[in-house]
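# Secondary and tertiary structure notes
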Amino acid sequence: MWKILVTEEIHPSGLKELRKDPEVELLEKVDMSEEEFFHLVKDVDALVTRSGTSIDKRVLDEAKRLKVVARAGVGVDNIDLDWASRKGVVVINAPTGNTLAATEHTFALLLSICRKLPHGFNDLARGGWNRKAFMGMQLHGKTLLIIGLGRIGSQVAKRAKAFGMEVLAYDPYISARKVEELGVRRALELEGALALADVVTLHTPLTSETKGMIDERTLKAFKKGAILINCARGGLVDEQACADAIREGRLAGAAFDVFSQEPPKNDHPLFAEDIRDRVVLTPHIGANTHEAQSAVSLIIAKNLLAALKGEPYEHAVNLPFMEHKLSASGKRFLALARKMGILAASIVAGAPGSVQFSMRGIPVDDVVEARAYEYCSHCPYTIAALKGVLERHLGRGISYMEAPLLAQERGIYVEEASISDSRYRYLMELKVKSDKEEVVILATVTEDDEKQRIVGINGYRMDFEPSGSFIIFQNHDRPGVIGKIGTYLGEKGINIANFYLGRKNGSGLAFGVLQVDGEVDQRVLEDLNEAEDFVWVSSVKFEGDR
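A brief report on the enclosed structure follows. (Residues numbered from 1 in each chain as written. Predicted model: local features only at pLDDT ≥ 70, side-chain atom pairs only at ≥ 80, totals over all residues. Heavy atoms only, no water.)

The next subject is the pattern of salt bridges. Counted according to the given criterion, the structure contains 33 salt bridges. Put simply, Glu 17 and Lys 20 hold a salt bridge, and the shortest N to O gap is 3.3 Å. (Salt bridge = Lys/Arg side-chain N within 4 Å of Asp/Glu carboxyl O.)

Relative to the helices and strands, Arg 86 is located in helix 4 (residues 81-86). Each C-alpha atom, one on Arg 86 and one on Lys 16, is 31 Å from the other, the two residues being 70 residues apart in sequence. (Helix = DSSP H or I, 4+ residues; strand = E, 2+ residues; numbered from the N terminus.)

On to the nonpolar core. Of all hydrophobic cores here, the largest spans 52 residues; its most connected members are Leu 343 and Ile 457. Of the residues forming this core, the biggest block, ten residues, is contributed by helix 13 (residues 328-347). Once residues within four sequence positions are removed from consideration, Ile 457 is found in contact with Leu 343, Ile 347, Val 440, Ile 441, Met 462, Phe 464, Phe 511 and Val 513. Ranked by size, the runner-up nonpolar core spans 33 residues in total, among them Val 200, Met 213, Phe 222 and Ala 241. (Core = buried A, V, L, I, M, F, W, Y, C linked by side-chain atoms within 4.5 Å. Buried < 20%, exposed > 50% of the residue type's maximum accessible area, 1.4 Å probe, protein only. Contact = heavy atoms within 4.5 Å.)

This paragraph deals with the packing of helix 1 (residues 12-19) against helix 12 (residues 290-308). Axis separation between helix 1 and helix 12 bottoms out at 7 Å; the angle between their running directions is 25°. In terms of orientation, helix 1 lies roughly parallel with respect to helix 12. Seen along the crossing, helix 1 lies across helix 12 with a hand that is right-handed. Here Ser 13, Gly 14, Leu 15, Glu 17 and Leu 18 of helix 1 lie close against helix 12, whose contacting residues are Ser 294, Ser 297, Leu 298, Ala 301, Lys 302, Leu 304 and Leu 305. Each residue belonging to the contact of helix 1 with helix 12 can be placed in one class, and the counts come to six nonpolar, four polar and two charged. (Axes fitted to C-alpha atoms, helices over the stretch in contact; angles between N-to-C directions. Parallel < 35°, antiparallel > 145°, perpendicular 65-115°, else oblique. Left-handed = near helix turned anticlockwise from the far one by under 90°. Nonpolar A, V, L, I, M, F, W, Y, C, P; charged D, E, K, R; others polar.)

On the surface, a cluster of nonpolar side chains totalling about 280 Å² of accessible area is made up of Ile 482, Ile 496, Phe 499 and Leu 501. A per-element tally of the nonpolar patch places strand 20 (residues 496-503) first, with three residues. As for its placement among the helices and strands, Ile 482 is situated in helix 17 (residues 481-491). (Patch = residues over 30% accessible without salt bridge, like charges linked within 9 Å, V, L, I, M, F, W, Y side chains within 5 Å. Areas by Shrake-Rupley, 256 points an atom, 1.4 Å probe, with all protein chains shown as cover.)

Reading across the sheet, the seven strands line up as 8-7-6-9-10-11-12 and stay open at both edges, with parallel pairing between neighbours. Strands at the two margins of the open sheet, each flanked by one partner only, are strand 8 (185-186) and strand 12 (279-281). Where strand 9 (residues 199-202) and strand 10 (residues 226-230) come together, four bridges link them in parallel fashion. Pairing of Val 200 across the sheet is with Leu 228, part of strand 10. Along the sheet face, helix 11 (residues 239-247) touches strand 10, strand 11 (251-256) and strand 12 and points at about 140° away from the line of strand 11. (Pairing = 2+ DSSP bridges.)

Spatially, four strands are ordered 20-21-19-22 in an open sheet, and the strand pairing comes out antiparallel. In this open sheet, the two strands that pair with only one neighbour each are strand 20 and strand 22 (534-542). Between one strand axis and the next, the sheet turns through 15° on average, direction left out of account. Taken together, the eight bridges between strand 19 (residues 468-476) and strand 21 (residues 509-516) define a ladder with antiparallel strand orientation. Bridge pairing links Ser 469 to Val 516 in strand 21. The strands touched by helix 17 are strand 19, strand 20, strand 21 and strand 22; relative to strand 19, the strand with the most contacts, the crossing angle is about 140°. Sheet contacts for helix 18 (residues 522-530): strand 19 and strand 22; angle to strand 22, the most-contacted strand, approximately 155°.

What follows is the structure, encoded as structure tokens:
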């Protein structure tokens, strides 16, 4: 008998699904005291919650029988994912349940701002009949730029085409195959695409890379008279700069469902009286449909039951394997595999289309033991490498369990292989292939001192520990190049901690890795890429082991 505690209100469809299972004892305890919650949680197999219940280390330690936490929604900020994984507790959410709702709300906002619907209604309700004041813009024949071509962005693309719009998509991490399947045009540079678009809509996660991506500088690249739609994350847009662009006439208008601070304060820039006739704002209701809430409720109920019974399930957001069952050596290889992915993604040009992970001599026995369920499609090291690849563009918030799903969503083919021979007893190889090139990383954990080492990049022999900040480059193999980069970095106040160089006889090229103290400014990379001595220059920072 499975005992399931529901701590917050969810749609009845999910509760009905749980109740009809004869193996379930359902406890619905909304608005209970902390004392009552801790009393009940000691004896339950699963929790169903939303954002209002904190599932922290204390709760997870107290819940001795707990096997699954199901979050009726997308965000899991209220759940300690790392500790849940360490306790062997699977955390499930419902990322697909609101896809159509968010897609349709995007078009609700788009049509509202283009046809000035709320403004026309407000004028009519005040006794007006000013038809000429509400001249709109039709969608047919206009160019829509979708930034972020994931689940929601893809659905927006399909519907935009039905409206007769020309669809551009900017997503540096979507494969060419996925773009081709959707029949949209791929934009390789954001600012160039912004200059072409009549409407720009955002559907990307909030990461350190995307935070503030629409700011004063990028707003200047917008086509004059364009419209901006944001149903994704508030932090993607500098809202003051957006309000200024509307005020100055550079933007014809904007429609937002999300804000950098929620709820927004009364003095929010987009609430300003002088631009109110050119904005449409809603209180983060993109997922608020009966159908979406019902879908979310059913998704978490079905997957919760499957997880409890040891059957295949979807949408777990923590580990697809039990990390604590890996040996100490296995954990070092796991961390190294992730770093290999980060490094490969920092080098490869274009969007990854395939990821191949191979290994030799790695402690396979504890890999098998660590698999959480028999149907896990990939070994932990492959998943860790894939997570690293995706992190480069989507941020560190990606979980190990989520990585394969995101790869599938983006059309990235993932496979595993074995290495037949090697000069190392233990070796991992990662191949990341895009529509432009293939990058190959070799790495190992040394037997004598158990240090993580990158030992090969694209056929160049290397030997360095992936920790800290690095400038990586390919250069023409001729005298003076290394001296020039050292002098330049010295002038910029950047201290070189270590230097590694790989050469291929007769190729005329070399591969360099500079470990530096501190962060690497984007302007430094731009300057070096413009220098004639370098084929390309990039940077990478390795943080943590997870």
